[in-house]
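Close look at the chain arrangement
So you can see what is in the structure, the chains are spelled out below.
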Amino acid sequence: MSLILSRRDLNFLLYEWLQVEQLTRIGRYADHSRETFDAALDTCEKIATELFAPHNKKSDQQEPHFDGDAVAILPEVTAALDAFCGAGLMAAGQDYELGGMQLPLVVEKAGFAYFKAANIGTSAYPFLTIGNANLLVAHGTAAQIDTFVKPELDGRFFGTMCLSEPQAGSSLSDITTRANLEGDSPFGPQYRLRGNKMWISGGEHDLAENIVHLVLAKIPGPDGKLVPG
Ligand SMILES: Cc1cc2nc3c(=O)[nH]c(=O)nc-3n(C[C@H](O)[C@H](O)[C@H](O)COP(=O)(O)OP(=O)(O)OC[C@H]3O[C@@H](n4cnc5c(N)ncnc54)[C@H](O)[C@@H]3O)c2cc1C
């Protein structure tokens, strides 16, 4: 296996400097041990090295392209993502009730460093999905978690973050997309969106059954002025 990240450095950072084994004294992580942390890191290292790193250069040379009908992406990307999802890594840090492993965030992120080192492009699909799922777990309704998060954590749905607009990149307070309340839905309040987003990573593809878009918008206040929503 070619070296994409030094395990010796990672072990030093996790076990000697950060002393992550102490986390197993906390109830949430009581089922874990150095062995389970090592097993998760081994899995990440193996999948990243064998399935993510080899097509890193090829992905740059053959970028995804849209033919007006569908987005074509290298088959190696599908194989890599199937292995990532199949190993349960989408849910590595999530609660057991959501099918997760309850890995401490620091160990999860250390494992994910292998994927960033191996292939920043392909790893964007699951990492955006994990961010998307985390936001819904923190702020979504039970129905939204059931409908969107569970399939995301199974690897059946992927997710995006639709923040930037043609006139607003870093300056997100300048976004003009509006969300007008239309009424209730089984998921909670329902809004109609008006506006333009751009640069949305993973915004269209056939890698998953569905793509869950989280769209940043402003809600008009009673005076008609826009407030962040
Ligand atoms: C590969 C890629 C993927 C992306 N994926 C997504 C996505 O999935 N979803 C999404 O919403 N957006 C996405 N974006 C857009 C991204 O969020 C914006 O490009 C980013 O926020 C920067 O905005 P900008 O390009 O308009 O640059 P600007 O904001 O115009 O910045 C231009 C320059 O000004 C500097 N600058 C900006 N503000 C300040 C300040 N206050 N003080 C000092 N310097 C400043 C910046 O550092 C930069 O050098 C993606 C962009 C890229 C390149």
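Our subject in this report is the structure included herewith. (Residues numbered from 1 in each chain as written. Predicted model: local features only at pLDDT ≥ 70, side-chain atom pairs only at ≥ 80, totals over all residues. Heavy atoms only, no water.)

Considering the site of the ligand
Filter applied, for reference: Here, proximity means that at least one heavy atom of the residue falls within 4 Å of the molecule or strand. Contacts described as polar in this section are N or O atom pairs within 3.5 Å, which, within protein, must combine one atom able to donate a hydrogen with one able to accept it, while residues neighboring in sequence count only if both atoms come from side chains. The method behind every accessible area is Shrake-Rupley, applied with a 1.4 Å probe, and residues are considered shielded solely by the protein chains displayed.
In the region of the ligand, the neighbouring residues are Met161, Cys162, Leu163, Ser164, Gly169, Ser170, Trp199, Ile200 and Ser201. Here Ser170 contributes a side-chain N or O atom positioned 2.6 Å from an oxygen atom of the ligand. Taking Ser201, its side chain carries an N or O atom lying 2.7 Å from a nitrogen atom of the ligand. Compared with its free state, where it exposes 960 Å², the ligand has 33% of that area covered by protein.

Considerations on the pairing of strand β5 (residues 188-194)
Going by this rule: By this definition, two strands are paired if DSSP reports at least two bridges between them. Counting from the N terminus, the helices are the DSSP runs of H or I reaching at least four residues and the strands are the DSSP runs of E reaching at least two.
Inspection of the sheet shows strand β4 (residues 178-185) paired to β5 by 7 bridges, in the antiparallel sense. When the bridges of β5 are listed, Ser185 appears paired with Gly188. In textbook terms, the turn of a hairpin is the stretch between consecutive antiparallel strands, and for β4 and β5 this stretch comprises 2 residues.

Some points on helix α7 (residues 142-154)
Let me state the cut-off plainly: Any helix carries an expected span of 1.5 Å times its number of residues minus one. Only protein chains enter the accessibility calculation, which uses a 1.4 Å probe; a residue is then buried when its area is under 20% of its type maximum, exposed when over 50%, and partly exposed in between. Residue contacts are counted whenever heavy atoms from the two residues lie within 4.5 Å of one another.
When the terminal C-alpha atoms of α7 are compared, their 17 Å separation across 13 residues agrees well with the 18 Å that a helix rising 1.5 Å per residue should span. Listed as buried for α7 are Ile145, Val149, Pro151, Glu152 and Leu153. Where α7 is buried, its residues touch α6 (120-139), β3 (157-162) and β6 (210-215). The positive-phi residue at the C-terminal boundary of α7 is Gly155, with phi of around 85 degrees.

Topic: the environment of Tyr125
Relative to the elements of secondary structure, Tyr125 occurs in helix α6. With a relative accessible area of 15%, Tyr125 lands in the buried category. Note: C-alpha distance between Tyr125 and Leu41 (84 residues apart in sequence) is 20 Å. Here Tyr125 is in contact with Pro64, Ile73, Val77, Leu81, Phe158, Gly202, His205 and Leu207, once residues within four sequence places are set aside.

Some details on the side chain of His205
Along the polypeptide, His205 turns up in the loop between β5 and β6. By relative accessible area, His205 is classed as buried at 4%. Of the polar contacts made by the side chain of His205, one reaches the backbone oxygen of Gly202; its length is 3.5 Å. At 3.0 Å, the side chain of His205 forms a polar contact with the backbone nitrogen of Leu207. Beyond its immediate chain neighbours, meaning those up to four positions away, His205 contacts Val71, Ile73, Tyr125, Phe158 and Ile211.

Quick word on empty space enclosed by the protein
As a reminder of what qualifies: Any residue with an atom within 4 Å of a point lines the site, the site being either a cavity, points on a 1 Å grid over the protein atoms alone where a 1.4 Å probe fits but cannot get out, or a pocket, an open set with protein on both sides within 12 Å along at least 5 of 7 lines. Grid points are joined across faces, edges and corners, and a volume is the space filled by probe spheres set on the points.
Overall, the coordinates contain 1 cavity of 30 Å³ or more when judged by the stated rule. Empty space within the largest cavity amounts to approximately 40 Å³. Considering the residues around the largest cavity, the lining is formed by Ala40, Leu41, Cys44, Leu89, Ala92, Leu103, Val107, Glu108, Gly111 and Phe112. For the lining of the largest cavity, the secondary structure elements donating two or more residues are α2 (34-52) and α5 (105-118). Among the elements that make up the lining of the largest cavity, the one with the highest residue count is α5 (4 residues).

Overview of unusual backbone geometry
Excluding glycine, residues mostly carry a negative phi; peptide bonds, for their part, are mostly trans. The phi angle at Gln102 is positive, at roughly 50 degrees, despite the residue not being glycine. Take Gln102: it is sitting in the loop between α4 (75-86) and α5. One non-glycine residue with positive phi stands out, namely Trp199, at about 65 degrees. Along the chain, Trp199 falls in the loop between β5 and β6.

Examining the packing of aromatic side chains
The condition is simple: For Phe, Tyr and Trp, rings pair up if their centres lie within 6.5 Å, where Trp contributes its six-membered ring, and each pair is then called stacked (planes under 30 degrees apart), edge-to-face (over 60) or tilted (otherwise).
Taken as a whole, this structure holds 10 aromatic pairs when the rule is applied. Their ring planes at 80 degrees and their centres at 6.4 Å tell us that Phe115 and Phe127 sit as a pair that is edge-to-face. Of this pair, Phe115 sits in helix α5 while Phe127 sits in helix α6, and the two are 12 residues apart along the sequence. Since its relative accessible area comes to 0%, Phe115 is described here as buried.

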